[in-house]
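Chains, contacts and geometry: an overview
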Amino acid sequence: MAQKGVQLDRESLSCSICLDLLKDPVTVSCGHSFCMSCIKSYWDTEDEKKIYSCPQCRETFIPRPVLKKNTMLAGLVEELKKSGLQAAPDDPSDAGPEDVACDFCSGRKLKAVKSCLQCLVSYCQIHLQPHFEVAPLKKHKLVEPSKKLQENICSRHDEVMKMFCRTDQQSICYLCPVDQHKGHDTVSAAAERAERQKDLEESRENIQQRIQDREEDVKLLQQEVEAINGSADKAVEHSQKIFSQLIRLMEKRRSDVKQQVRSQQEREVSRVKELQEKLEQEITELKRKDADLLKLSLTEDHNQFLHSYPSLSGPDQPADSSRINIRPLRYFEEVTAAVSELREKLQDLLTETWTNVSQAVTEVDVLLSEPEPEPEPKTRAGFLRFSQRITLDLNTANRHLLLSDGNRRATFTKHPQSYPDHPDRFTSYYEQVLSRESLTGRCYWEVDWRGDRVFVAVAYKTIRRDGHSDDCLFGYNDKSWRLECYEGSYEFMHNKVRTRVSGPPSSRVGVYLDHRAGILSFYSVSETMTLLHSVQTTFTQPLHAGLWLGYIYGDSAEFIKLK
């Protein structure tokens, strides 16, 4: 009890600024006591305002109070020192080597509970209080304690970096666009974070979909293991019955069939289980990657997010991302049929029939390799089997595009339309629009165009919509493919690579997509169909049909209703 009483005395004789025993203690008129040097330093920071406050209760004083040493407190401090307790026992609130320490504590350092992105200082619970009580400080952005606050300071201008240069892909301060980043595409760090957050969420959605697909594959493989085992067991059982009727003459063949079936069963089950284990490992890794992305998405510090984002945002595609296919066979049923036939023909047919038995066992093969892509149709009738209804998404349309005919036609207009603001809208001076439909599998559609120049395109939903950079424009990035139609000529472009295309002039263009096979083809459609250009690639996201008009007012294009 005596020890606890001494500890309480020590706490009552500590300075709330440095959190250590009072040195040259002084007491202000509100009754709170501080080290003389601590309170002087604190009030020095308030000289410009000419209003001085108590760091503990925030009572204000005008003019600056004259400080005098509190001899009674000084004597009590000396008595406490003589007791031999120069330092307080370890306090769970003290900052350890792994903790973020309070930058405001001048003596014993306490753990920081928050870091301020405006002050670029970390605060303990005591020194954080002004941020909850002082009106201007309440507007500051508080985040979890961070040791990397200085990374938010521009090394060139010594200012907080609240902007982001998209040209150089780095965080900058508000002075950087004046010199080093002059003329660059710059936005606020918050805006860039918001856009990257969208990409991150889409990456998470893709990963979660892959997890779901792989979990379904694992279930399918487990069912196949059970089916293989069940079928093999039945084949063995039936074979035993049949061979038992052949008595001694067929005894050796019966043993051979059993051995082959069991051997093939073991190989097939082993293959399936090996792949099952591989998929389960992939699921574990995908869940870990998803957890890392979730943790990054919750990071409140924009610059820390942008610093860590490139290392985590990659698609991390596995070597083989194809789905599992099962050969639609009856497993070992053919063995039973072959053995039954063997029983009927007896010994004189044994040699000939034995080949059939052995072949039936070895042909059991559950797992299929990736099937070859189906051939592209050769006639318009063949393409029409995959016809896709296309409508334009009003939320993506540039305001100089007028949509009509059930949002199937787009027309370039001089006067902007009064479309409401939407994050998906193309707000640059590129008159573009995307389809509402998400395109996967095998699809075919046709575009009827009128005017001087029209661009028929496909693009990922993640293509940029604002600004004046090439990232927004169909064909000028790795997220879109486009065919330019003008004056009886054509030109294809993807990722800024232009390809001159020759073909018969036509006001109608057919587009064929086999998403899984990675095939995209453009056709000139008239009485016959002529291939203009085709690409073979790997599509990593669903596609959307697109149109770009904007050379002469009145140019239009329409997605045709196909029967």
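Residues numbered from 1 in each chain as written. Predicted model: local features only at pLDDT ≥ 70, side-chain atom pairs only at ≥ 80, totals over all residues. Heavy atoms only, no water.

The name an unreviewed UniProt entry assigns to the chain is Tripartite motif-containing protein 16-like, from the organism Xyrichtys novacula.

**A word on the environment of Ile 552**
Mapped onto the fold, Ile 552 is located in the loop between β22 (543-549) and β23 (556-559). By relative accessible area, Ile 552 is classed as partly exposed at 42%. The spatial distance from the C-alpha of Ile 552 to the C-alpha of Gly 451 is 7.5 Å, given a sequence separation of 101 residues. Discounting chain neighbours no more than four positions away, the residues touching Ile 552 are Phe 412 and Asp 452. (Helix = DSSP H or I, 4+ residues; strand = E, 2+ residues; numbered from the N terminus. Buried < 20%, exposed > 50% of the residue type's maximum accessible area, 1.4 Å probe, protein only. Contact = heavy atoms within 4.5 Å.)

**Some thoughts on the packing of helix α6 (residues 189-245) against helix α8 (residues 302-312)**
The axes of two packed helices give the description: the angle between them and the distance between them. Contact geometry of α6 with α8 gives a least axis separation of 10 Å together with a crossing angle of 45 degrees. If you check the angle between α6 and α8, you find them oblique. The handedness of the crossing between α6 and α8 comes out as left-handed. For the pair α6 and α8, the contacting residues are Ala 189, Ala 190, Glu 192, Arg 193, Arg 196, Gln 197, Asp 199 and Leu 200 in the first and His 302, Phe 305, Leu 306 and Tyr 309 in the second. Its residues placed into classes, the contact of α6 with α8 shows six nonpolar, two polar and four charged. (Axes fitted to C-alpha atoms, helices over the stretch in contact; angles between N-to-C directions. Parallel < 35°, antiparallel > 145°, perpendicular 65-115°, else oblique. Left-handed = near helix turned anticlockwise from the far one by under 90°. Nonpolar A, V, L, I, M, F, W, Y, C, P; charged D, E, K, R; others polar.)

**A look at the packing of aromatic side chains**
Under the criterion given, the structure shown has 15 aromatic pairs. For the pair Phe 455 and Tyr 551, a centre-to-centre distance of 5.9 Å together with 35 degrees between the ring planes defines the contact as tilted. Highlighted residues: Phe 455 in strand β15 (residues 453-460) and Tyr 551 in the loop between β22 and β23, separated in sequence by 96 residues. Looking at Phe 455, the relative accessible area reads 1%, which means it is buried. The class of Tyr 551 is partly exposed, set by a relative accessible area of 45%. In textbook terms, an aromatic cluster arises when at least three aromatic residues are bridged by ring pairs, as seen for Phe 383, Phe 386, Tyr 444, Tyr 512 and Tyr 523. Looking at Arg 193, its charged tip hangs above the ring of Phe 305, at a distance of 4.0 Å from the centre. (Phe/Tyr/Trp six-rings, centres within 6.5 Å; stacked < 30°, edge-to-face > 60°. Lys NZ or Arg CZ within 6 Å of the ring centre and 35° of its normal.)

**Examining the side chain of Arg 204**
Relative to the elements of secondary structure, Arg 204 occurs in helix α6. Classification of Arg 204 as buried rests on a relative accessible area of 13%. When sequence neighbours within four positions are dropped, the list of residues in contact with Arg 204 reads Asp 290, Leu 293 and Leu 294.

**Structural notes on helix α2 (residues 36-44)**
Burial in α2 covers these residues: Met 36, Cys 38, Ile 39, Tyr 42 and Trp 43. The buried residues of α2 occupy an angular sector of 165 degrees when projected down its axis, which confines them to one face. Along its buried surface, α2 packs onto β1 (25-27), β2 (33-35), β3 (52-53) and β4 (60-61). (Arc of directions from axis to C-beta.)

**As for the environment of Val 361**
Inspection of the secondary structure puts Val 361 in helix α10 (residues 350-362). Judged by its relative accessible area of 1%, Val 361 falls in the buried class. In this structure the C-alpha to C-alpha distance between Val 361 and Ala 235, which are 126 residues apart in sequence, comes to 9.9 Å. Setting aside its immediate chain neighbours within four residues, Val 361 contacts Gln 260, Val 261, Gln 264, Phe 332 and Val 335.

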